[in-house]
Amino acid sequence: PPRFPDEVDVFSVPHSRMRDLVRMYKSQLSTTDFNNSVNMSGFLSTLLATFKEFQQHEQIENRFIMDRLKRRLNALSVYNSAVCNCHQDNRLTEMLEMVRGGLDSGRHDQDEFVRQLRRKLDEFTDNFLPHMKEEEEIFQPLLMKYFGYDELRELKQDVLQNHQLS
Ligand code: FEO
């Protein structure tokens, strides 16, 4: 994959945090005893915090990266379908709803819920990891092309501060 100078690389630091979160829930998925309600609700609470963080990540990207890139490309009359389709599905909302539903125990068949949770988490992971790769490999080069170096350096600071990663 292409490498860009750290000070203008807007995705690597937040994505390394997001990948850590993915690793954590995957590992918990294999160690959690879903028959134990304390373990189960501990896992779901972590998952809730994780998906809130993913959602915050997406909102920061929309505000500081995607919207600005879209405006820049529009101003130059450049069309790029990748920019238009990014973050448009509501998978994060669905995941948050499912996790919140799970915390509200007694309202569902536990075994069925756990099966569904595993499946949805796997599907989510299968989309999210390539999604981040796409941002790094397609969006970062677009930013390099259409934004100035200093502009990107500032943009990266905004992105990190809003993630509370700086
Ligand atoms: Fe960086 Fe859109 O996830």
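Please refer to the structure placed before this passage.
Here, residues in each chain are numbered from 1, in the same order as that chain's written sequence. For this predicted model, a pLDDT threshold of at least 70 governs which residues receive local features, and a threshold of 80 or more governs which side-chain atom pairs are given and counted, while totals over whole chains, interfaces and linings are taken from all residues. Note that the side-chain values use all heavy atoms of the structure and ignore hydrogens as well as water.

### Some thoughts on the environment of Lys156
Part 1 of the argument: Helix and strand assignments come from DSSP, with helices taken as H or I runs of at least 4 residues and strands as E runs of at least 2, each series counted from the N terminus. The residue Lys156 is located in helix α6 (residues 149-163) in this model.
Part 2 of the argument: Buried residues are those whose accessible area, probed at 1.4 Å on protein chains only, stays under 20% of the maximum for their type, while exposed residues exceed 50% and partly exposed ones sit between those limits. The class of Lys156 is buried, set by a relative accessible area of 9%.
Part 3 of the argument: Taking the C-alpha atoms as reference points, Lys156 and Val10, separated by 146 residues in sequence, lie 4.9 Å from one another.
Part 4 of the argument: Throughout, a residue-residue contact means that at least one pair of heavy atoms, one from each residue, lies within 4.5 Å. Leaving out residues up to four positions away in the same chain, Lys156 has contacts with Asp6, Glu7, Val8, Asp9, Val10 and Val13.

### Some points on the side chain of His163
Part 1 of the argument: In this structure, His163 sits in helix α6.
Part 2 of the argument: Under the relative-accessibility criterion, His163 is labelled buried at 9%.
Part 3 of the argument: Within the structure, the side chain of His163 is placed 2.8 Å from the backbone oxygen of Val159, a separation counted as a polar contact.
Part 4 of the argument: With residues near it in sequence (within four places) discarded, His163 still touches Pro14, Met18, His57 and Ile60. We define a polar contact as two N or O atoms separated by no more than 3.5 Å, with the added condition that, inside protein, one atom must be a possible hydrogen donor and the other a possible acceptor, whereas residues neighbouring each other in sequence contribute only through side-chain atom pairs.

### Comments concerning the packing of helix α1 (residues 12-31) against helix α5 (residues 110-146)
Part 1 of the argument: Axes, fitted as lines to C-alpha atoms, cover a helix only where it is in contact. Angles between the N-to-C directions of the axes lie from 0 to 180 degrees. With their axes 11 Å apart at the nearest point, α1 and α5 run at an angle of 160 degrees to one another. By the angle between their axes, α1 is roughly antiparallel relative to α5. In this structure, α1 meets α5 at a crossing whose hand is left-handed. Taking contact as the criterion, the partners of His15, Met18, Arg19, Val22, Tyr25, Lys26 and Leu29 in α1 are, on α5, Arg118, Leu121, Asp122, Phe124, Thr125, Phe128, Leu129, Met132, Lys133, Glu135 and Glu136.
Part 2 of the argument: Each residue gets one of three labels, nonpolar for Ala, Val, Leu, Ile, Met, Phe, Trp, Tyr, Cys and Pro, charged for Asp, Glu, Lys and Arg, and polar for the others, Gly among them. For the contact of α1 with α5, the per-class residue count stands at 9 nonpolar, 2 polar and 7 charged. Orientation labels follow simple angle bins: below 35 degrees gives roughly parallel, above 145 gives roughly antiparallel, 65 to 115 gives roughly perpendicular, and whatever is left gives oblique. Left-handed is the label given to a crossing in which the near helix is rotated counterclockwise from the far helix by less than a right angle, and right-handed is the label when the rotation is clockwise.

### Digging into the pattern of salt bridges
Part 1 of the argument: The salt bridge criterion pairs a side-chain nitrogen of Lys or Arg with a carboxyl oxygen of Asp or Glu, the two atoms within 4 Å. In total, this model carries 12 salt bridges according to the counting rule given.
Part 2 of the argument: Its salt-bridge partner being Arg115, residue Glu112 comes within 3.1 Å of it at the nearest N-O pair. With a gap of 3 residues between them, Glu112 and Arg115 both fall in helix α5, about one helical turn apart.
Part 3 of the argument: Here Glu112 falls in the partly exposed class, since its relative accessible area comes to 38%.
Part 4 of the argument: Judged by relative accessible area, which is 52%, Arg115 ranks as exposed.
Part 5 of the argument: Residues Arg119 and Glu123 are paired through a salt bridge, measuring 3.5 Å at the closest nitrogen-oxygen approach. One end of the pair is Arg119 and the other is Glu123, both in helix α5 and 4 residues apart, which spans about a single turn.

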